[in-house]
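Structural overview
Here are the chains, one letter per residue:
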Amino acid sequence: MNPVTRRLFALVVAFAAVTAGQQAIAADSGPRERLLLDLGWRFHLGNDWGPGYGLSKAGTGYGPGSVSYSDASWRKVDLPHDWAIELPFDPAADAAHGFKPVGEGFPQTSVAWYRRTFDLPAADAGKRLWLEFDGVYRDCTVIVNGWFVGHHESGYSGFRYDITDVANCGGTNVVSVKVDASKAEGWFYEGAGIYRHVWLVKTAALALSPDGIYAISGFKDNVPKGSDPMRVLARVVNSQATPVDATVIWTINGPDGGLVTTVTQTVHLGTMETADVEQQAMVKSPMLWSPETPNLYTLITSVTTGGKTTDKVETDFGIRTVGFDPDKGFLLNGAPYALKGTSNHQDHAGVGSALPDALQYFRIARLKEMGCNAYRTAHNPPTPELLEACDRLGMIVMDENRQLGSDAHHIGLLEEQIRRDRNHPSVGIWSLGNEEFTVQGTPSGKRVAAVMQELVKRLDPTRPVTCNAAVGNEYPGVNEAVEVRGWSYHVGKDMDDYHKEHPLQPNVGSEQGSTVSTRGIYANDPVRGYVSAYDDNAPEWAQTAETWVSFFGPRPWLSGGFVWTGFDYRGEPTPYGWPCINSHFGIMDTCGFPKDNFYYYQSVWSDHPMVHILPHWNWAGREGQAIDVRTQSNCDEVELFLNGKSLGRQPTKKYSEIKWKVPYAPGKLSATAYKDGKAAAETEVETAGPAQAVKLTPNRTEIDADGEDIAVFTVSAVDAHGVVVPTAGNKVSFGLEGPGRIIGVGNGDPSCHEPDTLVAEAPTRSLPVGGWRWKTVADPYPENLPEEGVAFDDSKWDRYDVRADSGGPLGYHDRAVFRALFDVSAADLASPVVELVFGRLAGGIAVYVNGHKVGGSIDDRNAVAYDVKELLHSGENVIAVPMANYGPEPMGPCKGVALRMQDSPQALQWGRSLFNGLSEVIVRASKEAGTIVLTASAEGLAPGTFSLKTQEADARPAVP
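Residues numbered from 1 in each chain as written. Predicted model: local features only at pLDDT ≥ 70, side-chain atom pairs only at ≥ 80, totals over all residues. Heavy atoms only, no water.

1. Some remarks on the layout of surface pockets
A volume near 860 Å³ is recorded for the second largest pocket. P594, Y599, H612, V724 and L918 are, among the 27 residues lining the second largest pocket, the residues nearest its centre. Secondary structure elements with two or more residues in the lining of the second largest pocket: α1 (357–369), α8 (596–605), β31 (611–614) and β37 (678–686). For the lining of the second largest pocket, the leading source of residues is β37, giving four residues. (1 Å grid on protein atoms, 1.4 Å probe; cavity = no way out; pocket = protein on both sides within 12 Å on 5 of 7 lines; lining within 4 Å. Points joined across faces, edges and corners; volume = space filled by probe spheres on them. Helix = DSSP H or I, 4+ residues; strand = E, 2+ residues; numbered from the N terminus.)

2. A few points about helix α3 (residues 408–421)
Taking 1.5 Å as the rise per residue, α3 with 14 residues should run 20 Å; its terminal C-alpha atoms sit 20 Å apart, in good agreement. Restricting attention to buried positions, one finds in α3 the residues H410, I411, L413, L414, Q417, I418, R419, R420 and D421. Its side-chain oxygen at 3.1 Å from the backbone nitrogen of H409, D407 defines the N-terminal cap of α3. (Expected span 1.5 Å × (residues − 1). Buried < 20%, exposed > 50% of the residue type's maximum accessible area, 1.4 Å probe, protein only. Polar contact = N/O pair within 3.5 Å; in protein donor to acceptor, adjacent residues only side chain to side chain.)

3. A look at the nonpolar core
Ranked by size, the top nonpolar core spans 52 residues in total, and within it W41, W83, Y114, L131, V142, V177 and I194 carry the most contacts. At the level of secondary structure, the elements contributing two or more residues to this core comprise β4 (41–45), β6 (111–120), β7 (128–133), β8 (139–144), β10 (159–162), β11 (171–180) and β12 (198–203). Residue contributions to this core peak at four residues, all from β6. Each residue touching W41, except ones within four places of it in the same chain, is listed here: R75, K76, V77, L79, Y114, R115, R116, V175, V177, I194 and V198. Listed in part, the 48 residues of the second largest apolar core include L404, W430, M495 and M588. (Core = buried A, V, L, I, M, F, W, Y, C linked by side-chain atoms within 4.5 Å. Contact = heavy atoms within 4.5 Å.)

4. What about the side chain of T590?
By the element assignment, T590 lies in the loop between β30 (560–564) and α8. We classify T590 as buried; its relative accessible area is 10%. Discounting residues that sit within four places of it in the chain, T590 has contacts with H348, A349, D568, Y569, N582 and G748.

5. So, the pattern of salt bridges
Applying the stated criterion to the full structure yields 49 salt bridges. Between D357 and R956 there is a salt bridge, with the nearest N and O atoms lying 3.0 Å from each other. Here R956 lies in the segment after β56 (944–952) and D357 lies in helix α1, a separation of 599 residues in the sequence. Residue class for R956 comes out buried when judged on its relative accessible area of 6%. In this structure, E454 and R458 form a salt bridge, with 3.1 Å as the shortest nitrogen-oxygen distance. Separated by four residues within a single helix, E454 and R458 lie in helix α4 (residues 443–459), roughly one turn from each other. (Salt bridge = Lys/Arg side-chain N within 4 Å of Asp/Glu carboxyl O.)

Written as structure tokens, this is what we have:
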């Protein structure tokens with residue numbers, strides 16, 4: 001199923017040995033709606049307004065927190081959005097976070113605001129209304145219709161707010177979100193902003209609780225034999241003022257869509273009461289879930305009362321068992337299963353941390369191509385769509401908590417994570433945290449870990465618990481408390497000794513490898529910040545790929561391991577600093593282009609016959625010199641050929657690559673791999689000529705026209721024969737026509753400072769509004785004061801200059817109306833955005849333009865703006881402002897008044913240099929079916945063009 005056209009998640013189900021994700025449906029018989037709230041936001045980088053809400057009185061949002069504030073001149077953005085990726089690199093910024101100017105020392109670019117306006121139908125009155133955020137980095141304040149509704153600090157956990165009481169059903173609603181990324185949670189690139197999805201959820205008063213569905217496999221001894229006596233549970237909430245009898249109906253459909261079973265249970269709920277309901281549902285001869293066979297069932301949970309369905313939720317789930325054995329290692333469905341895993345941050349070229357859903361699938365598919373079957377969410381709870389991709393494509397997940405802690409805050413975050421993610425069959429193990437050096441070996445660390453583990457086992461008794469430990473043969477502390485010992489490096493004697501001394505505790509290589517390499521580079525280059533792609537380089541605390549794999553392979557009790565990392569990521573540059581802006585740890589670069597170690601892991605993790613040659617074969621000037629050539633294969637022998645002449649045949653050694661010394665001669669270097677004496681796989685590298693053309697290759701030739709789906713294009717330079725030039729570094733420009741847009745570019749170069757994304761700048765201009773007059777009045781509060789009207793004669797009023805830096809003519813308890821007449825041209829009104837901006841409006845009661853009220857007092861300390869485009873006409877216009885002063889300081893409009901016109905943004909000129917022959921472009925479809933034509937051109941090269949089809953597709957239900 002296409003990841004963007006899949007059925008909607010609603011509430012995430014609780015599933016111990018099963019389940020993938022809970023999805024709400026807007027059924028005819030049930031009122032639940034889960035509407036995507038990603039599109040149509042406004043964004044402003046910076047904060048001139050403080051928190052945006054008052055502490056003295058309720059509902060007193062000001063600045064962007066006010067309903068009246070105009071965000072018309074703010075930039076339009078769709079979510080997910082990461083503003084950090086848009087900022088230029090700065091060598092003075094934090095290296096660990098990728099030299100982006102966010103955090104300490106960069107206050108102007110570390111705080112931003114988002115706003116979204118939408119209407120709710122009057123029919124929503126009586127429903128429960130929720131705003132759900134899947135993740136905001138980092139410190140987030142949410143204001144709805146001027147009301148403060150919540151504050152959330154964690155950048156990696158989802159959160160939801162009940163906005164029923166402050167929502168305006170039958171009218172317009174304004175959501176304002178202040179995001180502060182000044183403080184970091186990790187030591188790696190984390191992005192900034194609303195980088196995961198936002199939803200508006202509507203339910204009846206009698207409904208299923210968020211994360212309230214729980215299904216658990218009941219196989220005897222945790223071995224899937226025969227039928228599965230599953231337990232299905234539901235938490236039901238009655239938020240109405242009368243008691244009710246409710247019936248919960250669970251229906252299970254098989255992977256083929258056919259009915260498996262239906263069970264029911266009735267419960268009485270009192271006023272404002274919550275109840276947990278449980279039944280047993282027998283699944284006969286289930287089709288088991290595994291990475292090789294990711295079979296998914298569907299659980300439909302309904303709530304009815306009086307013959308009417310009040311709620312219905314769909315859950316896709318899988319049936320399987322997981323566990324660990326001290327000697328056999330990880331067990332899947334009762335049998336040993338070696339974990340061939342990678343650890344990864346959520347970060348990709350072009351988009352930073354704000355990954356479209358289809359990009360999650362793209363990355364998981366790349367890992368599976370390598371033979372990978374496991375994924376560690378380092379070092380935080382993942383976005384829900386990552387787990388969905390792992391469920392559907394097949395990947396065991398180590399789901400990692402952000403930080404150790406048994407206080408109410410951290411325990412609360414952990415509980416939310418378990419309840420949200422225990423649904424997914426891909427989740428095979430929970431990790432309490434990562435390398436907590438300070439507390440690892442302490443008694444308090446042991447106590448905290450024990451409390452956390454007890455909570456996990458109570459919420460999900462079927463999955464094991466670990467914690468990634470960066471210590472050797474050390475047992476006291478956290479290792480003593482956790483079920484499974486997690487190993488961060490320390491390959492060798494420490495592991496063997498620990499296993500001998502603690503033979504009953506299972507083990508897992510939760511973080512291994514950390515080999516450093518740069519795609520397409522075959523000699524270390526500290527000046528440019530590149531590391532050889534041979535499997536030769538690792539920090540002193542880490543190991544090459546061959547070192548750790550060859551140690552783990554003969555020791556099944558280690559369960560396999562998770563390589564650091566599957567993909568390069570921004571930040572934490574190692575082993576070099578500036579100009580490097582990202583890590584070199586990845587088996588693939590930030591674009592997902594394989595490095596040579598990709599094929600080493602494929603040779604030891606995959607059964608499909610393969611052979612790979614490195615390096616490339618473009619070494620002009622080194623004719624006759626010996627080149628370090630290596631082959632990687634999972635076959636018995638490899639024979640190497642240069643221009644058709646055999647250079648000999650060598651046997652492969654398990655876990656190792658074959659090394660050759662080959663005098664360089666231009667042409668073709670090829671390899672044939674043999675299995676059982678027969679040729680089983682072939683490959684070649686060829687000397688490329690000068691680059692002649694640019695080539696575009698998408699990962700998909702057709703995508704959905706749903707406004708979310710993407711295609712990832714590989715951009716390459718090829719010679720006259722179509723061979724990729726592995727040393728090309730041409731600057732390539734991109735153009736796009738049709739129903740789509742470019743959202744990001746990259747090339748995998750760890751020292752490249754070209755922008756990944758471009759921001760369209762909108763030209764602005766101002767027209768001062770002068771000629772102000774004022775007059776005291778007895779009462780400025782009535783709505784229809786004559787002084788606020790268009791035809792009122794103010795020619796005899798006193799003049800007033802609004803350009804003063806502070807103060808004004810109003811003394812203590814004075815009340816007055818200020819008016820101005822001004823001319824506007826048709827050219828000014830042709831601008832897409834026309835705002836009325838007051839430098840300061842302390843004491844303002846309301847603002848009227850041509851007799852229409854445009855808003856009340858927004859902020860008495862800072863500049864305020866009103867959207868007035870629709871109220872103005874060419875020629876003379878009138879502004880009237882009633883004011884009152886209740887303080888000792890003199891008041892009046894000051895710091896100037898002006899019309900601010902914003903014209904259409906200029907067209908973006910996308911481009912990216914090739915790095916060792918490759919770069920990447922990510923294209924997103926609009927909601928219009930048709931053909932997207934992407935063009936790539938470079939000076940002196942024939943341009944490349946690709947026509948990408950966008951097919952008609954139902955977009956996810958969304959807020960207009």
